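Residue-level structural notes
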Amino acid sequence: LILAGPELPAQHWCAMECYTWFAVGGRIEDVEVAIVGADAENVGAVVSAFDAFHVMYSLSDGDSAAQRQLMAATELAGIAEFNATLRELMPRVKEAADRLGSVGSAS
């Protein structure tokens, strides 16, 4: 289960957790995404954030030892591979947005 807000893909640590799950054998079929904050603006922001994901735009916590290790791990994974892996979540994010859209239109 990924609880997705618009800031999730922008946080390097959160993006790394998603990448790592796939890297150790996680499958997209086993992913469920729930968008936090169901108003239309927030849902759109979440979809846009995942759609535009690139690790170079991820926010870090400064120049700490942990951040340097996180960057080294990302470089080992390969920037293109890291980005492609996170973008694999896009269909699940869109499904979550669609579910919220149908719930909102049913009221």
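Everything below is about the structure printed above this text.
Anyway, here's the lowdown on the structure attached to this text. (Residues numbered from 1 in each chain as written. Predicted model: local features only at pLDDT ≥ 70, side-chain atom pairs only at ≥ 80, totals over all residues. Heavy atoms only, no water.)

In the structure shown here, the tally under the stated rule is three salt bridges. We note a salt bridge from R27 to D30, for which the minimum N-O separation is 3.1 Å. Here D30 falls in the partly exposed class, since its relative accessible area comes to 45%. (Salt bridge = Lys/Arg side-chain N within 4 Å of Asp/Glu carboxyl O. Buried < 20%, exposed > 50% of the residue type's maximum accessible area, 1.4 Å probe, protein only.)

The N-to-C vectors of helix 1 (residues 12–23) and helix 3 (residues 65–77) enclose an angle of 40°; their axes lie 11 Å apart at closest approach. Here helix 1 lies oblique to helix 3, going by the angle between them. When you trace helix 1 past helix 3, the crossing you get is left-handed. Between helix 1 and helix 3, the residues in contact are H12, W13, M16 and Y19 and Q67, L70, M71, A73, T74 and A77, respectively. (Axes fitted to C-alpha atoms, helices over the stretch in contact; angles between N-to-C directions. Helix = DSSP H or I, 4+ residues; strand = E, 2+ residues; numbered from the N terminus. Parallel < 35°, antiparallel > 145°, perpendicular 65-115°, else oblique. Left-handed = near helix turned anticlockwise from the far one by under 90°. Contact = heavy atoms within 4.5 Å.)

It is worth spelling out the side chain of N42 at this point. With respect to the helices and strands, the residue N42 is situated in helix 2 (residues 40–51). Assessed through its relative accessible area of 14%, N42 is described here as buried. Separated by 2.6 Å, the side chain of N42 and the backbone oxygen of G37 make a polar contact. (Polar contact = N/O pair within 3.5 Å; in protein donor to acceptor, adjacent residues only side chain to side chain.)

What follows deals with a nonpolar patch on the surface. A contiguous nonpolar patch, built from L1, L3 and V36 and spanning about 330 Å² of accessible area, is present on the exposed surface. Structurally, L1 is set in the segment before strand 1 (2–4). (Patch = residues over 30% accessible without salt bridge, like charges linked within 9 Å, V, L, I, M, F, W, Y side chains within 5 Å. Areas by Shrake-Rupley, 256 points an atom, 1.4 Å probe, with all protein chains shown as cover.)

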